[in-house]
Amino acid sequence: MEPRPLPADPLLASALVGRGDSLDERERIAELDQKRDWDGLLRYAEERQRRDPEGSDWGVVAAYAWGRNGDYSKAISALSRVIQRNPEDVGAWNLLGESQRRAGQPGQAVRTLERASAIGRTSFVTFFFLGEAYRDANRLDRAMSAYREAARLEPEFARTWFELGAAYIRLGERDEIPLVLERLKKLDPVLGEELRKRLEARQRP
């Protein structure tokens, strides 16, 4: 049985960056997120959304809060509406794809994030989430490619290297693993040790 994926909270929160119409609103969003007060964040978003029904930012913030509370169906519905109004919102596409994956819909997540990757070609978050969706859909060769692109766009993000190494292990691409372990040793020794243990477990008869 494969280990459960590690949480990707900073990547989820990237969808909140720049949301809100003022510095005070952005600071309030960040404060509630840092406190992990998802109910409070949802109330705040819904209050602001009542004042500005056409403002897509608040739909994304509300969807983020629903998703963090595990209510993925509401998150998916809200994000679908946001994207209808603003199809260039890469953060909304990313959050939609990750919500679909977490809701147990990896195939739909792949389709969503493939579309997102055509819009956000320089977003490492998009390609990391796409790798996760491919992995859950058991398309490991595609997952590897997506993780490689995420690592190219943001080589300092340790989780990408970890997931890339895990895909190499599952596919038996052992020649590639020493480089990944070396990168993780510098970026995140804890993840590097976890990957080394997975490699050892795979090598046992």
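Basis of the calculations
Residue numbers run consecutively from 1 along every chain, following the written order of its sequence. A pLDDT threshold of at least 70 governs which residues receive local features in this predicted model, and a stricter bar of 80 or more applies before side-chain atom pairs are shown or counted, although totals over entire chains, interfaces and linings include all residues. Think of the side-chain values as coming from all heavy atoms in the structure, minus any hydrogens and water. Secondary structure is summarised from DSSP: a helix means a run of H or I of at least four residues, a strand means a run of E of at least two, and numbering begins at the N terminus for each. Contacts are assigned to residue pairs that have any heavy atoms within 4.5 Å of one another. Buried residues are those whose accessible area, probed at 1.4 Å on protein chains only, stays under 20% of the maximum for their type, while exposed residues exceed 50% and partly exposed ones sit between those limits. Along the chain, pLDDT gives the predictor's confidence residue by residue, from 0 to 100. A side-chain nitrogen of Lys or Arg and a carboxyl oxygen of Asp or Glu constitute a salt bridge if their distance falls within 4 Å. We place a 1 Å grid over just the protein atoms. Points where a 1.4 Å probe fits but has no way out form a cavity, open points with protein on both sides within 12 Å along at least 5 of 7 lines form a pocket, and any residue with an atom within 4 Å of a point lines it. Grid points are joined across faces, edges and corners, and a volume is the space filled by probe spheres set on the points. Residues are grouped as follows: nonpolar covers Ala, Val, Leu, Ile, Met, Phe, Trp, Tyr, Cys and Pro; charged covers Asp, Glu, Lys and Arg; every other residue, Gly included, is treated as polar. Classification of ring pairs rests on two measures: the distance between centres of Phe, Tyr or Trp rings, Trp counted by its six-membered ring, which must be within 6.5 Å, and the angle between planes, read as stacked under 30 degrees, edge-to-face over 60 and tilted in between. The span one expects for a helix is its residue count, reduced by one, times 1.5 Å.

Asker: Would you take a moment to explain unusual backbone geometry for this structure?
Answerer: Leaving glycine aside, a negative phi is the common case for residues, and trans is the common case for peptide bonds. The backbone of R36 sits at a positive phi, close to 60 degrees, despite the residue not being glycine. Its place among the elements puts R36 in the loop between α2 (23-34) and α3 (38-51). The backbone of N138 shows a phi angle near 60 degrees, a positive value even though the residue is not glycine. Of note, N138 is situated in the loop between α8 (124-136) and α9 (140-153).

Asker: Is there a simple way to explain the environment of L187 in this structure?
Answerer: Note that L187 resides in helix α11 (residues 177-187). A C-alpha to C-alpha distance of 5.8 Å links L187 and A158, two positions 29 residues apart in sequence. Discounting chain neighbours no more than four positions away, the residues touching L187 are P155, E156, A158 and W161.

Asker: Help me out: how do you make sense of the environment of R115 in this one?
Answerer: With respect to the helices and strands, R115 occurs in helix α7 (residues 106-119). Of the residues examined, R115 reaches a relative accessible area of 54% and is grouped as exposed. In this structure, the C-alpha to C-alpha distance between R115 and F128, residues 13 residues apart in sequence, is 14 Å.

Asker: What is the right way to read the confidence of the model for the protein from this model?
Answerer: Do not read the predicted coordinates in detail wherever pLDDT is low. Per-residue confidence for the protein gives a mean pLDDT of 90; residues scoring 70 or more make up 94%. Predicted confidence for residues 1-8 stays below pLDDT 50, and this span has 13 contacts to residues more than four positions away or in other chains.

Asker: Sorry, what's going on with the pattern of salt bridges here?
Answerer: Two side chains carrying opposite charge are able to pair once their charged atoms lie near each other. Using the criterion set out here, one finds 21 salt bridges in the structure. For E98, the salt bridge is made with R102, and the minimal N-O distance between the two is 2.9 Å. Linking E98 with R102, this pair stays in helix α6 (residues 90-102), spanning four residues, or about one helical turn. For E98, a relative accessible area of 1% translates into the label buried. Owing to a relative accessible area of 29%, R102 belongs among the partly exposed residues under this scheme. Note that E156 is salt-bridged to R183, the shortest N-O span being 3.9 Å. Of the two residues, E156 is situated in the loop between α9 and α10 (158-171) and R183 in helix α11; the sequence distance between them amounts to 27 residues. Owing to a relative accessible area of 25%, R183 belongs among the partly exposed residues under this scheme. The network of salt bridges with common partners includes E98, R101, R102, E132, R135, D136, R159 and E163.

Asker: Can you walk me through empty space enclosed by the protein in this structure?
Answerer: Rolled over the atoms, a probe with the dimensions of a water molecule shows which regions are left empty. By the definition in use, this model includes one cavity of 30 Å³ or more. Estimates place the volume of the largest cavity at around 80 Å³. L12, A63, Y64, G67, R68, Y72, L95, E98, S99 and R102 together form the lining of the largest cavity. Put simply, the parts of the chain that give the lining of the largest cavity at least two residues each are α4 (56-68) and α6. Broken down by class, the residue content of the lining of the largest cavity amounts to five nonpolar, two polar and three charged.

Asker: Before we go on, may I ask you to explain the packing of aromatic side chains in this structure?
Answerer: By convention here, two paired aromatic rings are described through the distance between centres and the angle between planes. Overall, the coordinates contain six aromatic pairs when judged by the stated rule. Summarising the aromatic geometry, the rings of W38 and Y64 are spaced 5.9 Å apart at their centres and angled 80 degrees between planes, so their arrangement reads as edge-to-face. Placement of W38 in helix α3 and of Y64 in helix α4 is noted, with a sequence separation of 26 residues between them. For Y64, a relative accessible area of 2% translates into the label buried. A network of ring pairs unites the aromatic residues F124, F128, F129, Y147 and F157 as a single cluster.

Asker: Honestly, α3 in this entry has me stumped. Any pointers?
Answerer: Helical geometry: 3.6 residues make up each α-helical turn, so side chains three or four residues apart lie on a common side. Helix length check: α3 (14 residues) gives 20 Å between terminal C-alpha atoms against 20 Å at 1.5 Å per residue, within 8%. When α3 is considered as a whole, its buried residues turn out to be W38, G40, L41, L42, Y44, A45 and R48. Packing partners of the buried residues in α3 comprise α2 and α4.

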